[in-house]
2 protein chains.
Amino acid sequence: MSRPIRTRRQATLASLAAELGVSRTTVSNAYNRPDQLSPELRRRVLETARQLGYPGPDPVARSLRTRKAGAVGLLLTENLSYAFRDPVALGVLEGIALACEDSGTGLQLLPAGPGNEDVSTVHKAGVDGFIVYSVPDDDPHLSGVLQRPVPTVIIDQPLIDGVDRVGPDDAAAMTAMANHVVELGHRSIGILCMRLSQDRNDGPASMLRQHQAHYHTQRTRLDALATTFGNVGVEWSTVPVIERFDHTVADGATAAAELLDANPEVTALICTSDILALGALEEAHRRGLRVPADLTITGFDGIADAQRAGLTTVHQPVQDKGHAAGSLLLNPIRKTSTVPGSTQVITLDTELKIGTTSAQPRTTEQHWFGP
Amino acid sequence: MSRPIRTRRQATLASLAAELGVSRTTVSNAYNRPDQLSPELRRRVLETARQLGYPGPDPVARSLRTRKAGAVGLLLTENLSYAFRDPVALGVLEGIALACEDSGTGLQLLPAGPGNEDVSTVHKAGVDGFIVYSVPDDDPHLSGVLQRPVPTVIIDQPLIDGVDRVGPDDAAAMTAMANHVVELGHRSIGILCMRLSQDRNDGPASMLRQHQAHYHTQRTRLDALATTFGNVGVEWSTVPVIERFDHTVADGATAAAELLDANPEVTALICTSDILALGALEEAHRRGLRVPADLTITGFDGIADAQRAGLTTVHQPVQDKGHAAGSLLLNPIRKTSTVPGSTQVITLDTELKIGTTSAQPRTTEQHWFGP
DNA sequence: GTGAAAGCGCTAACAG
DNA sequence: CTGTTAGCGCTTTCAC
């Protein structure tokens, strides 16, 4: 296989037109509106183009003119290695990619990892819209995206005026989980949660920190727990909440260890993700604790490994989430943005999956009335 | 959080300049060359921009002018679901993404799945270069990419004139593996291979089909096997080669079953990927065959699961492969393409990993001389 | 069916 | 430090 030498100045639509002795319009039509010129002329145009090594209309120039880039940007403030390893992120990514593929749109991963304070990449991205996922709400990249005059869809984030949103009802889902644990009779619980903010904090998360959490999903899930357990008389300030910055099974294990060391009385470990719960499971086994006889452990997300482990968890359709976000952005009833308030919101169904890791507490300390 | 209403016509650099009573250059400088104007003026420009809701210079217009899009395209003729599930593809993808992140470049996934005959997406992508991975050499998208006047790096593909390449020495690697199996004494072997062409063929792959394979890596690996075994007197045309279109562990299992049913005399199963080998392993266990006592099984790639299973395989650094491709494209000694022949090639090291799935054949049929 | 004119929004010399 | 001048390469009315 060989290719044209490209030493000489690239041919342009104009030069091609000159060469052929026709107007630029005609050449443009040859590519974009075949029905606007005779087949014979079109053939001639394309043939000459081939000879001159003209690769067709320049995409950027065309984009400038048509105001369409043919791609959407994905903002994901995480190490890419995370995005490509975490099952939940991967599922979302896959869903988004599928939606893009459906509509023939490119999906541009924006380089906006943590520590990359340079927002310019967001400003420089020639895209028709943005999808934002797993970004803390105080992230400068996010506000950069919101400044751009293109449609944006946010996944899992709280509602922003004028920005479409896709996500599960985290509060309801976590409330269901909390109720399940409450109904089993647990009152002495511990929480394992993911990163609450950009600043690293591997250890207990204070009430203040919980409330100020910049990761919406985590904050919401913790809130739901606090409320539900508060309703049955559990004082939230006494509930240990251990946070981990990184999100691996190993981190879940160390978090569980830390929590159980300090609070051996705990009968249930509620985790805000399956990964953490899987780690907790490992740590429990390591300590010879039987699950669920000695310790109840619950997760969140419903990833494949969790299902395999029989984890009690909340399942959310991650791929659908991504796909919905992509669809919303790509083939919306793109009302001419005349109505500023008509933001679209898609709430996904979640399902409480009761597995084999939750049961009544060891010493069933039910609150009986009377002697 | 609220955002500016965008009902009114978007502000442009020109309108902002007019509003301020300065030239467009000055506004442009305020964004691109802060040192070219007084801090005070710059502050005023930016402030007014904010008030007018001017989001900064339009990326597409800028790209047209500067001839830089700030993104590279990734051509991957596969279902995205494959790319996001297969460990090898994922590793490569991660490596590429890392390289892009390093240089602040966007990574645009091109929608070019199989069945998508529309090459226009490749023509329409506003990118500064392409990375091509896992694409059959007769794919129209590939030729579309090669027409574009931008640098391109191909992963795992054969050398194309003027196109940089990154990949392992598949032939050498597979030859090493073949020698290992030969040295153990195996002469009655069977092969499991991945898709050889776009047209589905789940079953035996004829010699012709093997030679005409459009997937370079597969063809190369088979060639290496044919040559090495040919050298020790094994007539390749008698060696069963079973092909699978899809690439899952389950497919590996059915392929192994198909092969073993038809050729029970086989003492070694050489697979062109770990995934297939893992499936073969499953099938062997299902049949009560002991590995490696009754059957030797080998893989290729060195994925984590293979390592875990103790598979004898060839390890290739997939993430490095992706990273090398990205680096090559992004920060090359971008010689001004004056020298047409100076194509860069990076060959990655592979390592034969002898695990616990290869051993001498059951009935050690060594060829002794004399009675 | 074909062409002429008018920009899309921006940046890069180069002069002042 | 600031402005003037020229486009980058293309599409798109709107006449012919």
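Residues numbered from 1 in each chain as written. Chains lettered and ligands numbered in written order. Predicted model: local features only at pLDDT ≥ 70, side-chain atom pairs only at ≥ 80, totals over all residues. Heavy atoms only, no water.

Quick word on the UniProt feature "domain: HTH lacI-type" (unreviewed entry) in chain A
As a reminder of what qualifies: UniProt positions are given in the numbering used here, feature names are shortened, and annotations may be inferred rather than shown by experiment. The helix count covers DSSP runs of H or I at least four residues long, the strand count covers runs of E at least two residues long, and both are numbered beginning at the N terminus.
In this numbering, the UniProt entry assigns the feature "domain: HTH lacI-type" (unreviewed entry) to residues 11-66 of chain A. Taken end to end, residues 11-66 of chain A has its terminal C-alpha atoms 21 Å apart, with 70% of it in helix and 0% in strand.

Brief notes about the relation of the copies chain B and chain A
Filter applied, for reference: A least-squares fit on C-alpha atoms brings the copies together, and the residues used are those whose pLDDT is at least 70 in both copies.
When chain B is fitted to chain A, the best match, at an RMSD of 0.1 Å, comes from turning it 180° and sliding it 0.1 Å along the axis. On this basis, the relationship between the two copies can be described by a two-fold rotation axis. Relative to the rotation axis, the closest C-alpha in chain B is found at B:Gln108, a distance of 2.0 Å.

Comments concerning the protein's contact with DNA strand D
Rule in force here: When at least one non-hydrogen atom of a residue lies within 4 Å of a molecule or strand, that residue is treated as near it. A 3.5 Å cut-off defines polar contacts: any pair of N or O atoms within that distance qualifies, except that in protein one atom must be a possible hydrogen donor and the other a possible acceptor, and neighbouring residues in sequence count only when both atoms are side-chain atoms. In this count, Pro and Cys sit with the nonpolar residues alongside Ala, Val, Leu, Ile, Met, Phe, Trp and Tyr, while Asp, Glu, Lys and Arg are called charged and the others, Gly among them, polar.
Neighbouring residues of DNA strand D: 31 residues in total, closest A:Leu13, A:Tyr54, A:Arg65, B:Thr25 and B:Arg67. Within 4 Å of the protein, the atoms of DNA strand D are drawn from sugar and phosphate moieties in a proportion of 62%. Between A:Ser28 and DNA strand D, the recorded distance is 2.9 Å, taken from a side-chain N or O atom to a phosphate oxygen. A:Arg33 places a side-chain nitrogen or oxygen 2.9 Å from a phosphate oxygen of DNA strand D. Secondary-structure elements contributing two or more residues to the surface near DNA strand D are helix H1 (13-20), helix H2 (24-32) and helix H4 (59-66) of chain A together with helix H2 (24-32) and helix H4 (59-66) of chain B. With five residues, H4(A) is the largest single contributor of residues to the surface near DNA strand D. Here the surface near DNA strand D is composed, by residue class, of ten nonpolar, eleven polar and ten charged.

Things to note about the interface of chain B and chain A
What counts here: The contact definition used throughout considers only heavy atoms, calling two residues in contact when any of these lie within 4.5 Å. A side-chain nitrogen of Lys or Arg and a carboxyl oxygen of Asp or Glu constitute a salt bridge if their distance falls within 4 Å. For two strands to be treated as a pair, DSSP must find at least two bridges joining them.
Of the residues lining the interface, 57 residues belong to chain B; the matching set on chain A comes to 58 residues. If you look at where chain B meets chain A, you find four salt bridges. Residues A:Asp58 and B:Arg67 are paired through a salt bridge, measuring 3.0 Å at the closest nitrogen-oxygen approach. In this assembly, chain B and chain A are joined by six residue pairs in polar contact (both at pLDDT 80 or more). Those elements that place two or more of their residues in the side of chain B that touches chain A are H4, helix H5 (80-83), helix H6 (87-102), strand S2 (106-109), helix H7 (120-124) and helix H8 (140-147) of chain B. Residue classes in the side of chain B that touches chain A are distributed as 27 nonpolar, 17 polar and 13 charged. Relative to S2(B), strand S2 (residues 106-109) of chain A is paired through three bridges, and the arrangement is antiparallel. By the bridge assignment for S2(B), A:Gln108 is matched with B:Gln108.

Here's the deal with the pattern of salt bridges
Selection rule: Partly exposed describes any residue whose relative accessible area lies between the buried limit of under 20% and the exposed limit of over 50%, with all areas from a 1.4 Å probe on protein chains only and scaled to the type maximum.
A complete count under the given rule lists 44 salt bridges over all chains for this structure. For A:Arg221, the salt bridge goes to A:Asp170, with nearest N and O atoms at 2.9 Å. Of this pair, A:Arg221 sits in helix H11 (residues 216-231) while A:Asp170 sits in helix H9 (residues 170-184), and the two are 51 residues apart along the sequence. Residue class for A:Arg221 comes out buried when judged on its relative accessible area of 4%. Among the ionic pairs, B:Arg219 bridges to B:Asp137, the shortest N-O distance being 3.5 Å. Highlighted residues: B:Arg219 in helix H11 (residues 216-231) and B:Asp137 in the loop between strand S3 (130-133) and H8, separated in sequence by 82 residues. Judged by its relative accessible area of 18%, B:Arg219 falls in the buried class. Here the salt bridges share partners, and the residues they tie into one network are A:Asp261, A:Glu282, A:Glu283, A:Arg286 and A:Arg287.

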